[in-house]
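Here's the letter readout for the chains.
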Amino acid sequence: ANLKNDLTAQGIEVRTKAADIDLVMRMDRNLSAIYWAIAIIGLIGFSLSLGASLWANVDRKRKELSVLRLVGFRTGDIVWFPVTQAFYTGLLGWGLAIAIYFAAAYAINQMLSGQLAEGQQVCVLLPVHFVLALGLTVGAAVFAAALAGMRSARIEPSDGLREI
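Residues numbered from 1 in each chain as written. Predicted model: local features only at pLDDT ≥ 70, side-chain atom pairs only at ≥ 80, totals over all residues. Heavy atoms only, no water.

### Here we look at the overall build of the protein chain
Our working rule: Put simply, DSSP marks the helices as runs of H or I at least four residues long and the strands as runs of E at least two long, and each gets a number from the N terminus on. Based on C-alpha atoms, the radius of gyration is set beside the globule rule, defined as 2.2 Å times the residue count to the power 0.38. Buried means the residue's accessible area, taken with a 1.4 Å probe over protein chains only, is under 20% of the maximum for its type, while exposed means over 50%, and partly exposed covers the values in between. Any two residues whose heavy atoms approach within 4.5 Å at even a single point are treated as in contact. Only the protein chains shown count as covering a residue, and every accessible area follows the Shrake-Rupley method with a 1.4 Å probe.
Helix and strand counts for the protein chain stand at 6 helices and 0 strands. Secondary structure of the protein chain in N-to-C order comes out as α-α-α-α-α-α. Here the C-alpha radius of gyration of the protein chain, 27 Å, is well above what a compact globule of 164 residues would show, namely 15 Å. In terms of principal-axis extent, the alpha carbons of the protein chain reach across some 95 × 30 × 20 Å. Looking at the protein chain as a whole, 21% of its 164 residues are labelled buried. For the protein chain, the share of sequence-separated contacts (at least 6 apart) that also reach a separation of at least 24 residues comes to 80%. Carbon and sulfur atoms make up 67% of the accessible area of the protein chain, which totals about 11800 Å².

The structure is reproduced here in structure tokens:
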């Protein structure tokens, strides 16, 4: 704004699109905030869904887990069953999400390629975003599974004998 005033004082007419640029920048900030809100809600929903599924899975496998305790598996070994299952579920889910992202990004960038300069892209994620998504996904899955694992650790070996 100061440069514009200096040029105007020298008799040079200046026209800018500063208001349009400011509008686009505000829209970008607002859309980014909406994106992050949706991503956080999705992460919480994923964690709760996986946690409930693993919790129910522990209840369904109560007899089998108690028999494992009966034949000598330690508590820590029993806890690792749901944690390992959640780790691989999170890893495979992340891989599927990345594949879907690449397909969607390609489609979006192709649709808008006529409006962009050569080599520009609208839809792009940096490698750090992929690593962050992997960490959050696997971390949330393992945390949810740890809760189910604690439940499985409280299963008594005698529970398996009662149902035989």
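So that's the structure; there's more coming.
### Concerning helix α3 (residues 62-70)
We apply this condition: It is the directions from the helix axis to the C-beta atoms that the arc portrays.
When α3 is considered as a whole, its buried residues turn out to be L65, S66 and R69. Projected down its long axis, α3 carries its buried residues within an arc of 100 degrees, all on one side. Note on α3: the residue one or two positions beyond its end, G72, has a positive phi of about 115 degrees.

### Quick word on the environment of F87
For F87, the position within the fold is in helix α4 (residues 75-111). Measuring from C-alpha to C-alpha, the distance between F87 and V138 comes to 5.8 Å, with 51 residues separating the pair along the chain. Beyond its immediate sequence surroundings of up to four residues, F87 is in contact with V138 and V142.

### A look at a nonpolar patch on the surface
What counts here: Nonpolar side chains (Val, Leu, Ile, Met, Phe, Trp, Tyr) are joined into patches within 5 Å and like charges within 9 Å, using only residues with over 30% relative accessible area and no salt bridge. Salt bridges are defined by distance alone: a side-chain nitrogen of Lys or Arg within 4 Å of a carboxyl oxygen of Asp or Glu.
On the surface, Y35, W36, I40, I44, L48, L125, L132 and L136 cluster together to form a nonpolar patch covering roughly 790 Å² of accessible area. Contributions of two or more residues to the nonpolar patch are made by α2 (18-60) and α5 (127-153). Structurally, I44 is set in helix α2. Its relative accessible area of 47% is what places I44 among the partly exposed residues.

By themselves these figures say nothing about function.
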